Amino acid sequence: MGFVKEFKEFAVKGNVMDLAVGVIIGGAFGKIVTSVVNDVIMPIVSAIIGTPDFSNMYLVLKGDAPDGAPLAAARGIDGNVVFAYGSFITEVINFTLLALCVFLLVKGINTLKKKEAAAVEEAPAGPPAPTQEDLLAEIRDLLKKQ
């Protein structure tokens with residue numbers, strides 16, 4: 001029973017739940033970045049370069065594939081060894097954009113934290129806290145009045 005109880009305590013800790021939420025949001029964020037890359041960035045890049053689809057950019061290292069054949073068809077031919085550099089280019093762009101988004105997010109959060117810390121430091125300080133001697137003197141004076 002000790003193992004089950006220990007596991008239950010571990011699973012409901014705040015850190016584990018925060019991690020689970022982070023993983024779920026990270027997965028959704030990754031899909032958003034993938035969509036931005038595939039639907040916004042890649043069409044612009046392909047318009048500049050002239051290749052409409054990076055995923056079908058490959059080099060046949062061994063064997064033979066018809067010109068203009070999609071990557072899946074080139075890979076499907078027995079004996080072909082295909083170097084698919086287009087998929088790699090797409091993943092590098094995905095990673096770069098994801099890293100940029102995370103950097104901007106962290107930078108924004110750090111800026112907000114600095115502003116918050118500066119606001120706390122600039123807040124008008126109240127009267128200084130009385131020292132122990134001041135409190136004892138006040139008690140003595142009250143006792144003398146009685």
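All values derive from a computational prediction rather than experimental measurement.

Moving on, we come to the domain arrangement of the chain. Partitioning the chain into domains gives domain 1 (1–50) and domain 2 (53–123). The C-alpha-based centres of domain 1 and domain 2 are spaced at 16 Å. For the domain 1 and domain 2 pair, buried surface summed over both sides reaches about 770 Å², with 87% attributable to carbon and sulfur atoms. Counting across the interface, domain 1 meets domain 2 through zero salt bridges. On inspection of domain 1 and its partner domain 2, the count reaches zero residue pairs in polar contact (both at pLDDT 80 or more). A per-class count over the side of domain 1 that touches domain 2 returns seven nonpolar, two polar and no charged.

In this section: the environment of alanine 11. Mapping alanine 11 onto the fold places it in helix H1 (residues 2–11). Its relative accessible area of 26% is what places alanine 11 among the partly exposed residues. If sequence neighbours within four positions are ignored, alanine 11 has contacts with Val16 and Met17.

Parameters and conventions
Residues numbered from 1 in each chain as written. Predicted model: local features only at pLDDT ≥ 70, side-chain atom pairs only at ≥ 80, totals over all residues. Heavy atoms only, no water. Domains from an automatic or database assignment. Buried area = accessible area lost by both parts, 1.4 Å probe. Salt bridge = Lys/Arg side-chain N within 4 Å of Asp/Glu carboxyl O. Polar contact = N/O pair within 3.5 Å; in protein donor to acceptor, adjacent residues only side chain to side chain. Nonpolar A, V, L, I, M, F, W, Y, C, P; charged D, E, K, R; others polar. Helix = DSSP H or I, 4+ residues; strand = E, 2+ residues; numbered from the N terminus. Buried < 20%, exposed > 50% of the residue type's maximum accessible area, 1.4 Å probe, protein only. Contact = heavy atoms within 4.5 Å.

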